Amino acid sequence: MSELLDCEHCTACDLALTRQRVVISRGAAMAPLMLIGEAPGAQEDAMGQPFVGRSGQLLDRLLLDAGLNPEQDLYICNAVKCRPPQNRRPKRGELTACRPWLDRQIDLVDPRVIVLLGATAVESLLGIKGGMTQLRGQWLSWEGRVVMPIFHPSYLLRNPSRAADAPTALTLADLRVVQQRLCER
Ligand code: URA
Ligand code: SF4
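Position numbers for residues count from 1 along each chain, tracking the sequence in the order it is written. In the order they appear in the text, chains get letters beginning with A and ligands get numbers beginning with 1. Local features in a predicted model are, by the rule used here, given only for residues with pLDDT of at least 70; side-chain atom pairs are given and counted only at 80 or more, and totals for whole chains, interfaces and linings are based on all residues. Note that the side-chain values use all heavy atoms of the structure and ignore hydrogens as well as water.

### Thoughts on the packing of helix α2 (residues 54-65) against helix α7 (residues 167-183)
This is how the line gets drawn: The convention used is that axes are lines fitted to C-alpha atoms, helices contributing only their stretch in contact, and that angles between N-to-C directions extend from 0 to 180 degrees. Each helix is a run of DSSP H or I of at least 4 residues and each strand a run of E of at least 2, with the numbering of both proceeding from the N terminus. By the definition adopted for this analysis, an angle is roughly parallel if under 35 degrees, roughly antiparallel if over 145, roughly perpendicular if from 65 to 115, and oblique otherwise. Here is the rule for handedness: rotate from the far helix to the near one, and if that takes an anticlockwise turn smaller than a right angle the crossing is left-handed, while a clockwise turn gives right-handed. Throughout, a residue-residue contact means that at least one pair of heavy atoms, one from each residue, lies within 4.5 Å. The classification used treats Ala, Val, Leu, Ile, Met, Phe, Trp, Tyr, Cys and Pro as nonpolar, Asp, Glu, Lys and Arg as charged, and all other residues, Gly among them, as polar.
Two numbers describe how α2 lies on α7: the axes approach to 9 Å, and their chain directions differ by 50°. Taken together, the axes of α2 and α7 are oblique relative to one another. For the pair α2 and α7, the sense of crossing is right-handed. Taking contact as the criterion, the partners of Leu-62, Leu-63 and Asp-65 in α2 are, on α7, Thr-168, Thr-171, Leu-172, Leu-175 and Arg-176. Residues that form the contact of α2 with α7 fall into these classes: four nonpolar, two polar and two charged.

### Considering the pattern of salt bridges
Put simply, the rule reads: One speaks of a salt bridge when a side-chain nitrogen belonging to Lys or Arg is within 4 Å of a carboxyl oxygen belonging to Asp or Glu. Relative accessibility thresholds used throughout: buried, under 20% of the residue-type maximum; exposed, over 50%; partly exposed, between the two (1.4 Å probe, protein chains only).
Summed over the entire model, instances satisfying the criterion amount to seven salt bridges. Of the charged contacts in the structure, one is a salt bridge between Arg-104 and Asp-6, with a shortest N-O distance of 3.7 Å. Placement of the pair is Arg-104 in helix α3 (residues 92-109) and Asp-6 in the segment before β1 (26-27), with a sequence separation of 98 residues. Judged by its relative accessible area of 32%, Arg-104 falls in the partly exposed class. As a salt-bridge pair, Arg-26 and Asp-60 come within 3.0 Å of each other at their nearest N and O atoms. Remark: Asp-60 occurs in helix α2 and Arg-26 occurs in strand β1; sequence separation between them is 34 residues.

### A word on the site of ligand 1
Stated formally: Near is defined per residue: the residue qualifies when any heavy atom it owns lies within 4 Å of the molecule or strand. Two N or O atoms form a polar contact when they lie within 3.5 Å of each other; inside protein one atom must be a possible hydrogen donor and the other a possible acceptor, and for residues adjacent in sequence the pair counts only when both atoms belong to side chains. Only the protein chains shown count as covering a residue, and every accessible area follows the Shrake-Rupley method with a 1.4 Å probe. A cavity here means a set of 1 Å grid points, computed over protein atoms only, where a 1.4 Å probe fits but cannot escape. A pocket is an open set with protein on both sides within 12 Å along at least 5 of 7 lines, and lining residues have an atom within 4 Å of a point. In this description, a molecule resides in a pocket or cavity if more than half of its atoms sit within 2 Å of the grid points defining it.
By nearness alone, every residue bordering ligand 1 is listed as Gly-37, Glu-38, Ala-39, Glu-44, Pro-50, Phe-51, Asn-78 and His-152. Here an oxygen atom of ligand 1 sits 2.9 Å away from a polar atom, N or O, in the main chain of Phe-51. Contact between ligand 1 and His-152: an oxygen atom at 2.8 Å from a side-chain N or O atom of the residue. Protein contact buries 92% of the 240 Å² of open area that ligand 1 shows by itself. Among the detected pockets, ligand 1 sits in the largest pocket. Its residues placed into classes, the shell around ligand 1 shows three nonpolar, three polar and two charged.

### Here's the deal with the layout of surface pockets
We count it as follows: Grid points are joined across faces, edges and corners, and a volume is the space filled by probe spheres set on the points.
The space that makes up the largest pocket amounts to roughly 610 Å³. In terms of lining residues, the largest pocket is bounded by 27 residues, among which Glu-38, Ala-39, Ser-55, His-152 and Ser-154 are the most central. Mapped by element, the contributors of at least two residues to the lining of the largest pocket are α1 (42-47), α2, α4 (119-126) and α6 (153-158). Broken down by element, the lining of the largest pocket gets its largest block of residues, four residues, from α6. Considered class by class, the residues forming the lining of the largest pocket number 11 nonpolar, 10 polar and six charged.

### Re the side chain of Arg-136
Assignment of secondary structure puts Arg-136 in the loop between α5 (132-135) and β5 (140-142). One polar contact links Arg-136 to Asp-174, side chain to side chain, over a distance of 2.9 Å. Those residues within four positions of Arg-136 in sequence are excluded, and the remaining contacts are Pro-149, Ile-150, Phe-151, Leu-170 and Asp-174.

Below, the structure is given as structure tokens:
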């Protein structure tokens, strides 16, 4: 992944002015599954790794429950690589400025399946603004790859119901469908 190290010096948008670290990825470099989130938060910015705070811990637990090993089976990154101040949503211009890095990551990892965590990742990759309640769990296609949007783990943290039709259970079911798909040839 040395081709991506240039990203550490990127100043293509104003998020470069306030970040501590550029947050590129964690997981396996050649994984068949790629997960794309929104943007680093405070802990990610401090540690230089995506999804290491509360959202990340919940995500890892759901992945393990779905039979996916976060270290070996997948590669995780974000639509933007630098933390927006106060964790605000990335602006459209920031998504656009960072998109070449995301495209580079997709080219290098070459995943069979891409999972989009929340509406910002959907907007960044697919250029559509859709309601996640409608989009989640659906197989979409992008540049010859299969893509599934699912709820962002921070949404699950805000809606912690354990009910069978609540967001957490739906997300676990979605991840199980993804895991099954990866088992198919
Ligand atoms: N939320 C994200 O979208 N990405 C992270 O890396 C952490 C929290
Ligand atoms: Fe560059 Fe992306 Fe960071 Fe903006 S968010 S400075 S485009 S790496």
